[in-house]
Amino acid sequence: GLHADPPYAFTEEFQSEYISKYFSTFDKLRSVRVFIGEQVWTFSDFMTAQGVTRVYGNKKGLFTRQRQPKMAAYRLKERYERISNSTRRY
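Residues numbered from 1 in each chain as written. Predicted model: local features only at pLDDT ≥ 70, side-chain atom pairs only at ≥ 80, totals over all residues. Heavy atoms only, no water.

A. Quick peek at unusual backbone geometry. Pro6 follows Asp5 through a cis peptide bond whose omega is 10°. Tracing the backbone shows Pro6 in the segment before helix 1 (12-31). In this structure, Arg33 takes a positive phi of about 60° despite not being glycine. Considering the arrangement of structural elements, one finds Arg33 in the loop between helix 1 and helix 2 (71-86). In this structure Arg33 comes out as exposed when scored by relative accessible area, which is 67%. The phi dihedral of Arg67 falls on the positive side, at around 65°, and the residue is not glycine. With respect to the element layout, Arg67 can be found in the loop between helix 1 and helix 2. (Helix = DSSP H or I, 4+ residues; strand = E, 2+ residues; numbered from the N terminus. Buried < 20%, exposed > 50% of the residue type's maximum accessible area, 1.4 Å probe, protein only.)

Written out as structure tokens, the structure reads:
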């Protein structure tokens, strides 16, 4: 994936920070029992034509086109492990 410091659109750093912004809202909604799930929008990067609104290929996936995990995949893994470890088991 693309990398930059500071993060900007289409980089792994930006993507990881961006999805993390949703976590606190999701957690608040889960705590009042009005939110029961999350879903990843794009599993992996895919090819698109280059244009003014995107780099060559769509870089929104959690994994590269070669199915290598990106920073966001690790961020979600940490989140889901934390949720799993804090969820009541029946």
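B. Layout of the nonpolar core. Core analysis: the biggest nonpolar cluster contains 6 residues, these being Ile19, Phe23, Leu62, Ala72, Ala73 and Leu76. Listed by contribution, the elements that provide at least two residues to this core are helix 1 and helix 2. Here this core takes 3 residues from helix 2, the largest share from any one element. Sequence-distant contacts of Phe23, defined by excluding residues within four places in its chain, comprise Arg75, Leu76 and Arg79. (Core = buried A, V, L, I, M, F, W, Y, C linked by side-chain atoms within 4.5 Å. Contact = heavy atoms within 4.5 Å.)

C. Examining the side chain of Arg79 more closely. Following the sequence through the fold, Arg79 ends up in helix 2. When its relative accessible area of 2% is taken as the criterion, Arg79 is described as buried. Ignoring any residue separated from it by four or fewer positions in sequence, one finds Arg79 in contact with Phe23, Phe26, Asp27 and Glu38.

D. Molecular detail of helix 2. Counted at 1.5 Å a residue, the expected span for helix 2 with its 16 residues is 22 Å, and the 23 Å between its end C-alpha atoms agrees. Buried within helix 2 are the following residues: Ala72, Ala73, Leu76, Arg79 and Ile83. Looking straight down helix 2, one finds that the buried residues subtend no more than 125° of arc, so they occupy a single side. For helix 2, exposure combined with an orientation more than 90 degrees from the buried face picks out Glu78 and Asn85. (Expected span 1.5 Å × (residues − 1). Arc of directions from axis to C-beta.)

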